[in-house]
Amino acid sequence: LVTGVQTCALTICLALAVSEQAPAAGAPGSVPQGLGWALAIVVAWIVSLILLLLLPLQGAWLSPFALLPLILIRAFLQTGLFIVGHDAMHGSLLPGSALWNERIGRLVLGLYAWLPWEPSCRNHRCHHLAPGSLQDPDHPGRQPRGPLFW
């Protein structure tokens, strides 16, 4: 019997194996490596979410030893979504195709935390213009105090 952890791990392995089978960059019919990784992460994120939602809410699999790997897998995939969104903001998923970078970016930022594309891009550009300074939107000195103001 395949457990939820095994199914999630298998999904990730299959998605990564597919992404590594792409032809070399620049070869006819090749897909940029970043796009392959993006596809693998999104597919693994969606499949693992569906599988975890289908697990029963009772039973031995709810022990901390069974839940910890599931939490770690989902945290890894959640972080991957943010990285894909970041790469899309930089136009590096499909270099030369702003439209597809935007489409993919919108999708993954929405899956990640329902983040809107335009404000995220604008803040990210401002961050790169003045990283670590008071003009940086990510600088702690510019943030309202407390989670209610985020």
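If you're wondering where the values come from, they're calculated on a predicted model, not measured in any experiment.

Could you give me a rundown of the overall build of the protein, with the residues and numbers involved?
When you go through the protein residue by residue, the secondary structure sums to five helices and zero strands. Overall, the protein shows an N-to-C arrangement of helices and strands of α-α-α-α-α. A burial count over the protein gives 29% of its 150 residues as buried. Taken as a whole, the protein presents about 9,900 Å² of accessible surface, with 71% of it coming from carbon and sulfur.

How would you summarise the packing of aromatic side chains if you had to cite specific residues and measurements?
What the rule picks out here adds up to one aromatic pair. The side chain of Arg103 reaches across the aromatic face of Trp100, ending 4.7 Å from its centre.

Would you mind going over the packing of helix H3 (residues 64–89) against helix H4 (residues 98–113) in detail, with residue names and values included?
Here H3 crosses H4 at 150°, and the two axes come no closer than 8 Å. Put simply, H3 runs roughly antiparallel to H4. Two packed elements cross with a definite hand, and for H3 against H4 that hand is left-handed. Every residue of H4 that contacts H3 at Gln78, Leu81, Phe82, Val84, Gly85, Asp87, Ala88 and Met89 is listed here: Asn101, Ile104, Gly105, Val108, Leu109, Leu111 and Tyr112. For the contact of H3 with H4, the class distribution of residues is ten nonpolar, four polar and one charged.

Would you mind going over helix H2 (residues 33–54) in detail, with residue names and values included?
Across its 22 residues, H2 extends 32 Å between first and last C-alpha, which sits within 8% of the 32 Å expected from 1.5 Å per residue. Of all the residues in H2, the buried ones are Leu35, Gly36, Ala38, Ala40, Ile41, Val42, Ala44, Trp45, Ser48 and Leu52.

Would you mind going over the pattern of salt bridges in detail, with residue names and values included?
Going through the model one piece at a time under the given rule, you end up with two salt bridges. In this structure, Glu102 engages Arg106 in a salt bridge whose closest nitrogen and oxygen atoms are separated by 2.8 Å. On the criterion of helical spacing, the pair formed by Glu102 and Arg106 is a turn pair, its members being four residues apart in helix H4. Classification of Arg106 as partly exposed rests on a relative accessible area of 36%. One network of salt bridges, with partners in common, ties together Glu102, Arg106 and Glu118.

Could you give an account of a nonpolar patch on the surface, naming the residues involved and the relevant values?
A surface patch of nonpolar side chains, amounting to about 280 Å² of accessible area, comprises Ile46, Ile50 and Leu54. Tracing the backbone shows Ile50 in helix H2. Judged by its relative accessible area of 44%, Ile50 falls in the partly exposed class.

Describe the confidence of the model for the protein, and please don't skip the residues or the numbers.
Per-residue confidence for the protein gives a mean pLDDT of 80, with 72% of residues at or over 70. Within the protein, no element has a lower average pLDDT than helix H1 (residues 4–20), which sits at 47, and none a higher one than H4, at 96.

Help me get a handle on the side chain of His127, residues and values and all.
Assignment of secondary structure puts His127 in helix H5 (residues 117–129). A distance of 3.4 Å separates polar atoms of two side chains, one belonging to His127 and the other to Asp138. Filtering out sequence-adjacent residues up to four positions away, His127 remains in contact with Asp136, Pro137 and Asp138.

Tell me about unusual backbone geometry, and please be specific about residues and values.
Most of the time, phi is negative for any residue but glycine, and the peptide bond is trans. Phi is positive for Trp114, which is not a glycine, with a value near 55°. Turning to its location among the elements, Trp114 is positioned in the loop between H4 and H5.

Summarise the packing of H4 against H5; cite the residues concerned and give the values.
Two measures define how a pair of helices packs: the angle their axes make with one another and the distance between the axes. Put simply, H4 and H5 touch, their axes get as near as 10 Å, and they point 100° apart. Between H4 and H5, the angle is such that the two are roughly perpendicular. Every residue of H5 that contacts H4 at Asn101, Glu102, Gly105, Arg106 and Leu109 is listed here: Trp117, Glu118 and Ser120. Of the residues assigned to the contact of H4 with H5, the class counts are two nonpolar, three polar and three charged.

Rules behind the numbers
- Residues numbered from 1 in each chain as written.
- Predicted model: local features only at pLDDT ≥ 70, side-chain atom pairs only at ≥ 80, totals over all residues.
- Heavy atoms only, no water.
- Helix = DSSP H or I, 4+ residues; strand = E, 2+ residues; numbered from the N terminus.
- Buried < 20%, exposed > 50% of the residue type's maximum accessible area, 1.4 Å probe, protein only.
- Areas by Shrake-Rupley, 256 points an atom, 1.4 Å probe, with all protein chains shown as cover.
- Phe/Tyr/Trp six-rings, centres within 6.5 Å; stacked < 30°, edge-to-face > 60°.
- Lys NZ or Arg CZ within 6 Å of the ring centre and 35° of its normal.
- Axes fitted to C-alpha atoms, helices over the stretch in contact; angles between N-to-C directions.
- Parallel < 35°, antiparallel > 145°, perpendicular 65-115°, else oblique.
- Left-handed = near helix turned anticlockwise from the far one by under 90°.
- Contact = heavy atoms within 4.5 Å.
- Nonpolar A, V, L, I, M, F, W, Y, C, P; charged D, E, K, R; others polar.
- Expected span 1.5 Å × (residues − 1).
- Salt bridge = Lys/Arg side-chain N within 4 Å of Asp/Glu carboxyl O.
- Patch = residues over 30% accessible without salt bridge, like charges linked within 9 Å, V, L, I, M, F, W, Y side chains within 5 Å.
- pLDDT = per-residue confidence, 0-100.
- Polar contact = N/O pair within 3.5 Å; in protein donor to acceptor, adjacent residues only side chain to side chain.

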